[in-house]
Amino acid sequence: MAQNKNIILVGPMGAGKTTIGRNLARKLSLEFYDSDHEIEQRTGADIPWIFEIEGEAGFRKRESTIIEELTKLQNIVLATGGGAIINQENRQHMQQSGIVFYLNSGAEKLLKRTQTDKRRPLLQTQDRLARIKQIIAERDPLYREIADEIIQTDKMSVSHIVKFIIKRISRT
């Protein structure tokens, strides 16, 4: 891997960023960070509670602070929250600090992966599939804007995706 380059995983909730990131970091003997987990650790509150008390704007402010801090680290694997790319500064920090992989999944697959998850505030709605499709439509251009590589994850196993990323970064 190129010196002082991070591996940044972006994509919608349920795309597998945390699972893939953890496995990738283990294989490469790198530190793994999950921006959502870091927010929860530092605030002592879970994300649904932060959304409830501070709203999405309050959460996004916290998220931007964490993204800025984490992208200053070197040689890490970073799994970002699905909406981290909404903020232009976050996108710049991610692009400047590493190789960005967009883990892309179809709406139906994301619905299946998040169906029983109560910890995702933006999906606490009657029609989850419609909400997922709306989120993808809004964010897909932003993910693509900063991605060095787009990986369609629907039919790939975690180990296959990890091997693909390792192969890709070995070329840089």
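Please refer to the structure higher up on the page.
Below or above, wherever it landed, is the structure these notes cover. Here the structure is a predicted model, which means the values were calculated and not measured.

Points about the overall build of the protein chain
Right, on to step 1. Scanning the protein chain from N- to C-terminus turns up 7 helices and 5 strands.
Right, on to step 2. The linear arrangement of helices and strands in the protein chain, starting from the amino end, is β-α-β-α-α-β-α-β-α-α-β-α.
Right, on to step 3. Per-residue burial for the protein chain yields a buried fraction of 48% across its 172 residues.
Right, on to step 4. Contacts in the protein chain between residues at least 24 apart in sequence constitute 72% of all its contacts with a sequence separation of at least 6.
Right, on to step 5. Entry remark: accessible area of the protein chain is about 8,900 Å², with carbon and sulfur atoms responsible for 47%.

Remarks on the nonpolar core
Right, on to step 1. Judged by nonpolar contacts, the single largest core of 23 residues is most densely connected at I7, L9, I20, V77, F101, L103 and I165.
Right, on to step 2. In terms of residues, this core owes the most to one element, helix α7 (residues 158-169), which gives 4 residues.
Right, on to step 3. The residues touching F101, leaving out its near neighbours within four places in the chain, are I7, I8, L9, V10, E149, I151, I165, R168 and I169.
Right, on to step 4. Membership of the second largest hydrophobic core comes to 22 residues, among which are Y33, I85, V100 and Y102.

Points about the pattern of salt bridges
Right, on to step 1. Counting across every chain of the model gives 10 salt bridges.
Right, on to step 2. Notably, a salt bridge pairs D140 with R144, separated by 2.7 Å at the nearest N-O pair. Of this pair, D140 and R144 both sit in helix α6 (residues 128-146), separated by 4 residues, roughly a single helical turn.
Right, on to step 3. Overlapping salt bridges bring together E38, R42 and E69 as one network.

Quick notes on the pairing of strand β4 (residues 98-104)
Right, on to step 1. Burial within β4 is extensive, with 7 of its 7 residues counted as buried.
Right, on to step 2. Bridge count between strand β1 (residues 6-10) and β4: 5 bridges; the pairing is parallel. By the bridge assignment, I7 is partnered in β4 with I99.

Examining the packing of helix α3 (residues 47-70) against helix α4 (residues 88-97)
Right, on to step 1. Put simply, α3 and α4 touch, their axes get as near as 9 Å, and they point 15 degrees apart. Classified by the interaxial angle, the pair formed by α3 and α4 is roughly parallel. The hand of the α3/α4 crossing is left-handed. Touching S64, I67 and E68 of α3 are N90, H93 and M94, all from α4.
Right, on to step 2. Its residues placed into classes, the contact of α3 with α4 shows 2 nonpolar, 3 polar and 1 charged.

The rules behind these values
Residues numbered from 1 in each chain as written. Predicted model: local features only at pLDDT ≥ 70, side-chain atom pairs only at ≥ 80, totals over all residues. Heavy atoms only, no water. Helix = DSSP H or I, 4+ residues; strand = E, 2+ residues; numbered from the N terminus. Buried < 20%, exposed > 50% of the residue type's maximum accessible area, 1.4 Å probe, protein only. Contact = heavy atoms within 4.5 Å. Areas by Shrake-Rupley, 256 points an atom, 1.4 Å probe, with all protein chains shown as cover. Core = buried A, V, L, I, M, F, W, Y, C linked by side-chain atoms within 4.5 Å. Salt bridge = Lys/Arg side-chain N within 4 Å of Asp/Glu carboxyl O. Pairing = 2+ DSSP bridges. Axes fitted to C-alpha atoms, helices over the stretch in contact; angles between N-to-C directions. Parallel < 35°, antiparallel > 145°, perpendicular 65-115°, else oblique. Left-handed = near helix turned anticlockwise from the far one by under 90°. Nonpolar A, V, L, I, M, F, W, Y, C, P; charged D, E, K, R; others polar.

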